[in-house]
Amino acid sequence: MRTRRIGDVQVGAIGLGGMPMSIEGRPDEQRSIATIHAALDAGVTLIDTADAYHLHADEVGHNELLIAKALASYGGDTSDVLVATKGGHLRPGDGSWTLNGSPDYLKQACDASLKRLGVDAIGLYQFHRPDPRVPYEESVGAIRDLLDAGKIRYAGISNANPEQIRQANDILGGRLVGVQNQFSPAFRSSEPELELCAELGIAFLPWSPLGGISRAGELGSRFAPFAEVARAHNVSPQQVCLAWMLAKAPVVIPIPGSSRPETILDSVRAADLELSPEELSRLDAAG
């Protein structure tokens, strides 16, 4: 697979989002592990997870443990796989999501993620979502401390606006390597963050790039130009969507969620799909 850069490492241009394997509607463990193995076989070297990707209150880190198990049971070399996880967003177990951006909590969450992933240092650790009760500089300061302590190799933020991106990069001493924001044909409001990341040379990781777990299959019917371009290339609208994102800037690395081998294998083919300037313009106008 073609590669793109996070920090000073190269990763496959299409990553794998682990969330669908651990929240509502998740498959059995065997299928999830088969999905991760299929992704690795196809050249995926960025896997995104979070401690909050779980269902019940007593299974925090379900997805982290699943990914660690899949990597340990994979027959090939996984030394070049960058596992990205996140802290600061919580699921109490009743279906809701809550926030805790306090420095003490983030450091405890990182320690717990380290144990679940079974590593000496987390590849990419991301502050999951700003907590309005905690000054942003304090939350990001905790990520800086983890970086300085060697507990994480790279630092990132998620669900951030342009001001927060600049602030985080300053707090981290220019060491911010990734911004993970929602971006899809249905959700274009992160264009300014994408453009800023391209300007600063920071990886931009679109989450829910196909519209989310429940809507990904409807992408072509919701946005006709994606279906039309897909027919012209004899590929899926989802492939066209990811190729369109890749064409936006060299820093873009989509992380489509998947819980079936066939869907991640379809997604990775987007790395080789070339779209014309005219096609890209049509897709830009499809929102």
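What you are looking at is a predicted structure, and each value in this text was computed from that prediction instead of being measured.

### Description of unusual backbone geometry
Phi at Asn-159 takes a positive value of approximately 55 degrees, unusual for a residue other than glycine. Note that Asn-159 resides in the loop between strand 9 (152-158) and helix 5 (162-171). Of the residues examined, Asn-159 reaches a relative accessible area of 16% and is grouped as buried. With phi around 50 degrees, Ser-208 is a residue other than glycine that occupies positive phi space. Mapped onto the secondary structure, Ser-208 falls in the loop between strand 11 (203-207) and helix 7 (219-222).

### What about helix 3 (residues 103-117)?
With 15 residues, helix 3 should reach 21 Å at 1.5 Å per residue; the first-to-last C-alpha distance of 21 Å fits that figure. All buried positions along helix 3 are accounted for by Tyr-105, Leu-106, Ala-109, Cys-110, Ser-113, Leu-114, Arg-116 and Leu-117. Of the surrounding elements, those touching the buried residues of helix 3 are helix 2 (62-73), strand 5 (82-87), strand 6 (89-90), strand 8 (122-127), helix 4 (136-148) and strand 9. Within two residues after helix 3, Gly-118 carries a phi angle of roughly 70 degrees, on the positive side.

### Details of the sheet that holds strand 10 (residues 176-182)
Taken in spatial order, the seven strands make up an open sheet running 3-4-5-8-9-10-11, and their pairing is parallel. Every interior strand has two partners, whereas the edge strands, strand 3 (16-17) and strand 11, have only one. Against the sheet, helix 5 contacts strand 9 and strand 10, and its axis sits at roughly 155 degrees relative to strand 10.

### Regarding the side chain of Ser-139
With respect to the element layout, Ser-139 can be found in helix 4. On the basis of relative accessibility, which here comes to 0%, the residue Ser-139 falls in the buried class. In this structure Ser-139 touches Gly-101, Leu-106, Phe-127 and Val-134, once residues within four positions along its chain are discounted.

### Let's talk about the side chain of Asn-63
The topology assignment puts Asn-63 in helix 2. Residue Asn-63 is classed as buried on the basis of its relative accessible area, which comes to 0%. Among the polar contacts made by the side chain of Asn-63, one reaches the side chain of Ser-22 at a distance of 2.8 Å. Leaving out residues up to four positions away in the same chain, Asn-63 has contacts with Gly-18, Met-19, Met-21, Ser-22, Asp-48, Thr-49, Ala-50 and Tyr-53.

### Considerations on the UniProt feature "domain: NADP-dependent oxidoreductase" (unreviewed entry) in the chain
Residues given the UniProt feature "domain: NADP-dependent oxidoreductase" (unreviewed entry) here are residues 14-286. Taken end to end, residues 14-286 is 42% helix and 15% strand, and its two terminal C-alpha atoms sit 22 Å from one another.

### Looking at the environment of Glu-218
With respect to the secondary-structure elements, Glu-218 resides in the loop between strand 11 and helix 7. On the accessibility criterion, Glu-218 (33% relative accessible area) is partly exposed. With 20 residues separating them in the primary sequence, Glu-218 and Ala-198 have C-alpha atoms 29 Å apart. A polar side-chain atom of Glu-218 sits 2.9 Å from a polar atom in the side chain of Arg-215.

### Describing the environment of Leu-82
Positionally, Leu-82 belongs in strand 5. The spatial distance from the C-alpha of Leu-82 to the C-alpha of Gly-257 is 16 Å, given a sequence separation of 175 residues. Look past the residues within four positions of Leu-82 in its chain and what remains in contact with it is Ile-6, Val-9, Val-11, Thr-45, Leu-46, Ile-47, Gly-123, Leu-124, Arg-153 and Tyr-154.

### Observations concerning the nonpolar core
Judged by nonpolar contacts, the single largest core of 74 residues is most densely connected at Ile-36, Ile-152, Ile-157, Ile-165, Phe-226, Trp-244 and Leu-275. When near neighbours in sequence (up to four residues on either side) are disregarded, Trp-244 contacts Phe-183, Ser-184, Pro-185, Arg-188, Phe-226, Leu-275, Leu-280, Leu-283 and Asp-284. By size, the runner-up hydrophobic cluster in this structure holds 13 residues, among which are Val-9, Leu-46, Tyr-154 and Ala-203.

### Let's talk about the layout of surface pockets
To locate leftover empty space, one rolls a probe as large as a water molecule over the atoms. In this model, the largest pocket occupies a volume close to 760 Å³. Here the lining of the largest pocket takes four residues from helix 10 (residues 261-268), the largest share from any one element. Empty space within the second largest pocket amounts to approximately 260 Å³. The wall of the second largest pocket is formed by 13 residues, among which Leu-71, Thr-78, Val-81, Val-83 and Val-119 lie closest to the centre. For the lining of the second largest pocket, the secondary structure elements donating two or more residues are helix 2, strand 5 and strand 8.

### Description of the pairing of strand 11
When you tally the buried positions in strand 11, you get four out of five residues, the bulk of the element. Strand direction decides the pairing type here: strand 10 and strand 11, joined by five bridges, are parallel. In the strand pairing of strand 11, Asn-181 is matched with Pro-206.

Cut-offs and rules
- Residues numbered from 1 in each chain as written.
- Predicted model: local features only at pLDDT ≥ 70, side-chain atom pairs only at ≥ 80, totals over all residues.
- Heavy atoms only, no water.
- Helix = DSSP H or I, 4+ residues; strand = E, 2+ residues; numbered from the N terminus.
- Buried < 20%, exposed > 50% of the residue type's maximum accessible area, 1.4 Å probe, protein only.
- Expected span 1.5 Å × (residues − 1).
- Contact = heavy atoms within 4.5 Å.
- Pairing = 2+ DSSP bridges.
- Axes fitted to C-alpha atoms, helices over the stretch in contact; angles between N-to-C directions.
- Polar contact = N/O pair within 3.5 Å; in protein donor to acceptor, adjacent residues only side chain to side chain.
- UniProt positions renumbered as here; feature names shortened; annotations may be inferred.
- Core = buried A, V, L, I, M, F, W, Y, C linked by side-chain atoms within 4.5 Å.
- 1 Å grid on protein atoms, 1.4 Å probe; cavity = no way out; pocket = protein on both sides within 12 Å on 5 of 7 lines; lining within 4 Å.
- Points joined across faces, edges and corners; volume = space filled by probe spheres on them.

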